[in-house]
Amino acid sequence: MTDYSKAGRVIGLDLGDKESHYCELGSVGEAMTEGRVKTTESALKKRAEQWRGARVVMEAGTHSPWVSRLVEAAGAEAVVANPRKVQLIAQNVNKRDRVDARLLARLGRADVTLLSPLKHRGAATQADLAVIKARDAAVRVRAQLIGHVRGTVKALGGRIPACSTASFGVRAASALPESLRVALLPLLETILHVTQQIRDYDRQVEQWSEEKYPETQLLTQVGGVGALTSLAYVLTLEHPERFPHSRAVGSYLGLRPKRHQSGEQDPSLRITKAGDAYLRRLLVGSAQYILGRFGPDSDVRRWGLQLAARGGKRAKKRAVVAVARKLAVLLHHLWVTGEVYEPLYRALREQAA
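Throughout this document, residue positions are counted from 1 along each chain, in the order its sequence is written. Only residues with pLDDT of at least 70 get local features here, since the model is predicted, and only at 80 or more are side-chain atom pairs given and counted; chain-wide, interface and lining totals rely on the full set of residues. Water and hydrogen atoms play no part in the side-chain values, which are based on all heavy atoms of the structure.

Only DSSP runs of H or I reaching four residues or more are called helices, and only runs of E reaching two or more are called strands; each is numbered from the N terminus. Looking only at helices and strands, the protein has 14 helices and five strands in total. Expressed along its principal axes, the backbone C-alpha trace of the protein runs to roughly 70 × 70 × 50 Å. Throughout this description, buried means an accessible area under 20% of the type-specific maximum (1.4 Å probe, protein chains only), exposed means over 50%, and partly exposed covers the range between. With 353 residues in all, the protein has 40% of them scored as buried. Of the contacts formed within the protein by residues at least 6 apart in sequence, a portion of 56% connects residues at least 24 apart. Here the protein has roughly 20,100 Å² of accessible surface; of this, 51% comes from carbon and sulfur atoms. Charged residues are defined narrowly, with Lys and Arg counted positive, Asp and Glu counted negative, and His plus the chain ends left uncounted. Note that the charge is assigned to NZ on lysines, CZ on arginines, CG on aspartates and CD on glutamates. In the protein, which carries 55 positive and 35 negative side-chain charges, the distance between the mean positions of the two groups comes to 7 Å. Contact between two residues is taken to exist if any of their heavy atoms lie within 4.5 Å; hydrogens are not considered. The Shrake-Rupley method, run with a 1.4 Å probe sphere, supplies the accessible areas, and residue values consider only the shown protein chains as cover.

This is the structure:
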């Protein structure tokens, strides 16, 4: 295995939609070569072959997943910098692609840990995760269309009867005023079509959970965690062993409070909201169900309700986030250990004691 820390050569690669700029530093930090390359697979593959044994530093973005895989396949080390940690680039008053490439190269040469490097998931996992993200996009589009139809009808004195989201396309057609049928009937047809697509996505998720990703069955043992949330969890984390402790998953998904300690001051702040926003939203939704009126009895539910009962107008919101963080940790523990989940394990142990 190549020891990239002693390879000497470091390349900063600023990725763009059409062209990417690169800067190569020598062993003593001098700029050896600079240039541009088209952001295409063939052009970057040819260039990456010349970087064999070097360290290639790039910022996380739209192109970084496939480019990082291409660079590694060519025999170089791909370092994907966390954009939150590269404020030196974002706040540079002389921000240019060429300058950005130089800064990435120098940061990669100084200390890679300063960049909080990310590890992109594999191509197959990314493609499967795209199905779940496409479903989410379809759900949001349907919600926007339904809101538009309801608002338009209400503005003319009408009202669409209350109904489920899945049946809205059918129920709303009979309640449309005659003057709005030309404008809104095509939208109702679109809503029906999108609803059918969402059902198809749901069937795909159920099938993959049972056949392709059986480990999700370990996660759905927890009441409130369904096939969609468990599959999104497995695909987002991909390799559970990369987290040495289950508690690290809470921080990875941005469910940990920010810290701004200075001297004796250590204020309570909001969560960081780093990491995958979609999975964080799914976990928050599961937490809301667990704390809701239909949530199954469990140690997690009892603990969350105790937090919510402490008072204050934000107590319930804080309890939901805390339960979501606990779920993130619990799901990782079940995935790694393969244990059978006991919802009232703590309560039963205390009762026995």
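Next comes the rest of the write-up.
Right, let's talk about the packing of helix α7 (residues 181-212) against helix α9 (residues 227-237) for a bit. Working convention: axes come from line fits to C-alpha atoms, limited for helices to the stretch in contact. Angles between N-to-C directions cover 0 to 180 degrees. For the pair α7 and α9, the least separation of the axes is 9 Å and the interaxial angle reads 60°. Here α7 runs over α9; the crossing is left-handed. Residues Val 205, Glu 206, Trp 208 and Ser 209 of α7 touch α9, and the partners they reach there are Ala 227, Leu 228 and Leu 231. The handedness criterion is simple: a crossing whose near helix is rotated anticlockwise from the far helix by less than a right angle is left-handed, and one whose near helix is rotated clockwise is right-handed.

Within this scheme, the nonpolar core is defined by two criteria: the residues are buried Ala, Val, Leu, Ile, Met, Phe, Trp, Tyr or Cys, and they are joined through side-chain atoms within 4.5 Å. Counting residues in each nonpolar core, the largest one holds 42 residues, and the members touching the most others are Ile 132, Val 222, Tyr 233 and Leu 283. For this core, the secondary structure elements donating two or more residues are α5 (123-155), α7, α9, α11 (277-291), α12 (299-308) and α13 (315-337). Among the elements that take part in this core, α13 stands out by supplying eleven residues, more than any other. Setting aside residues no more than four positions away along its own chain, Val 222 makes contact with Leu 327, Leu 330, Leu 331, Leu 334 and Tyr 341. Counting residues in hydrophobic clusters, the runner-up holds 17 residues, among them Ile 11, Leu 44, Trp 51 and Ala 74.

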